[in-house]
Amino acid sequence: MSVFRLILVLSLLSGGAHAQDVFDHCGMTGTAKAPEAKVLNPEKDRYDLPTQSDFDPSVTLDAMLKPGHDSGRFTVGRAAEITGYVYDVKQGGKETCNCGSNDLAHTDTHIELTLDGSRQNSVKSKRVIVEVTPRLRRAMMAKGVDWSTTALQKMLLHHSVKVQGWMFYDAEHEMNSENMNPNGMSNWRATVWEIHPITSIQIVGSP
């Protein structure tokens, strides 16, 4: 199968429902100290697959990019499928959910989606963040599929993709999102809402 039509479909590792609760000595809450982070981190680190009944059909890239207050717009814990243009793929930073690791294998991969490749739609305030996590990267590797940051950069950059995964409200970035901090100097995303973690990626087109 051509890499440009590659379908990456996630299957859980065998070994039980809690096989990855501890990942390379890092638990589901990571190294969180703040109460809010202790609640958010298990959502970031979840590794179960959504079923058909989990999907919210109202979630689209257009809906996520719609201007307005983000709080209450969608539901954490519902799944979604969106299609967008991959503007960038890069390593995430140190996070308590990953126990402060900074190597590629133990940090998230940030994929920035836009409506298309046009200049007006690629500004930071019109990007949606979706993320591959270390646990699901390891599960995919066990199935022979490379979800490393380097591989995803080569495969996905400047292509249109269909992404599935869990809806997540990353409250830590409210002041970095255009919807919650309009015209803020530090904004690098359109919305606080993410698909995080990603459970499936399908390349659906090239530029």
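For the structure itself, consult the block above.
What you see is a predicted model; the values in this text were computed from it and never measured. (Residues numbered from 1 in each chain as written. Predicted model: local features only at pLDDT ≥ 70, side-chain atom pairs only at ≥ 80, totals over all residues. Heavy atoms only, no water.)

Chemist: Break down the overall build of the protein for me, with residues and values.
Modeler: Across its full length, the protein holds four helices and six strands. The N-to-C order of helical and strand elements in the protein reads β-α-α-β-β-β-α-α-β-β. With 207 residues in all, the protein has 46% of them scored as buried. In the protein, the share of contacts with a sequence separation of at least 24, taken over all contacts with a separation of at least 6, comes to 72%. (Helix = DSSP H or I, 4+ residues; strand = E, 2+ residues; numbered from the N terminus. Buried < 20%, exposed > 50% of the residue type's maximum accessible area, 1.4 Å probe, protein only. Contact = heavy atoms within 4.5 Å.)

Chemist: Which residues make up the pattern of salt bridges, and what are the values?
Modeler: Per the counting criterion, the structure on display carries ten salt bridges. Lys44 is the salt-bridge partner of Glu172, the closest N and O atoms lying 3.3 Å from each other. Of this pair, Glu172 sits in the loop between β5 (160-169) and β6 (193-205) while Lys44 sits in helix α1 (residues 35-44), and the two are 128 residues apart along the sequence. A salt bridge links Arg46 to Asp48, with the nearest nitrogen and oxygen atoms 2.8 Å apart. Overall, Arg46 belongs to the buried group, its relative accessible area being 16%. (Salt bridge = Lys/Arg side-chain N within 4 Å of Asp/Glu carboxyl O.)

Chemist: Tell me about the packing of aromatic side chains, and name the residues and values.
Modeler: Counted under the stated rule, the structure contains two aromatic pairs. The interplanar angle of 85° and the centroid separation of 5.5 Å between the aromatic rings of Phe74 and Trp193 together place this pair among those described as edge-to-face. Placement of Phe74 in the loop between α2 (61-65) and β2 (79-91) and of Trp193 in strand β6 is noted, with a sequence separation of 119 residues between them. On the accessibility criterion, Phe74 (10% relative accessible area) is buried. Judged by centre distance (5.1 Å) and plane angle (70°), the rings of Tyr169 and Trp193 are edge-to-face. (Phe/Tyr/Trp six-rings, centres within 6.5 Å; stacked < 30°, edge-to-face > 60°.)

Chemist: Tell me about helix α3 (residues 134-142), and please be specific about residues and values.
Modeler: Along α3, the residues that are buried comprise Pro134, Arg135, Leu136, Arg137, Ala139 and Met140. Backbone geometry just after α3 places Gly144 at a positive phi near 85°.

Chemist: Hey, could you go over the pairing of strand β4 (residues 128-132) for me, with residue numbers and the actual values?
Modeler: Burial within β4 is extensive, with five of its five residues counted as buried. Examined bridge by bridge, strand β3 (residues 109-114) and β4 share five bridges and lie antiparallel to one another. Paired with Ile111 across the two strands is Val130, which belongs to β4. (Pairing = 2+ DSSP bridges.)

Chemist: Describe unusual backbone geometry, listing the residues and the values that go with them.
Modeler: Residue His196 is joined to Pro197 through a cis peptide bond whose omega torsion reads 10°. Structurally, Pro197 is set in strand β6. The phi dihedral of His158 falls on the positive side, at around 70°, and the residue is not glycine. Tracing the backbone through its elements, the reader meets His158 in the loop between α4 (149-156) and β5. You will see that Asn183, though not glycine, has its phi angle at about 65°, which is positive.

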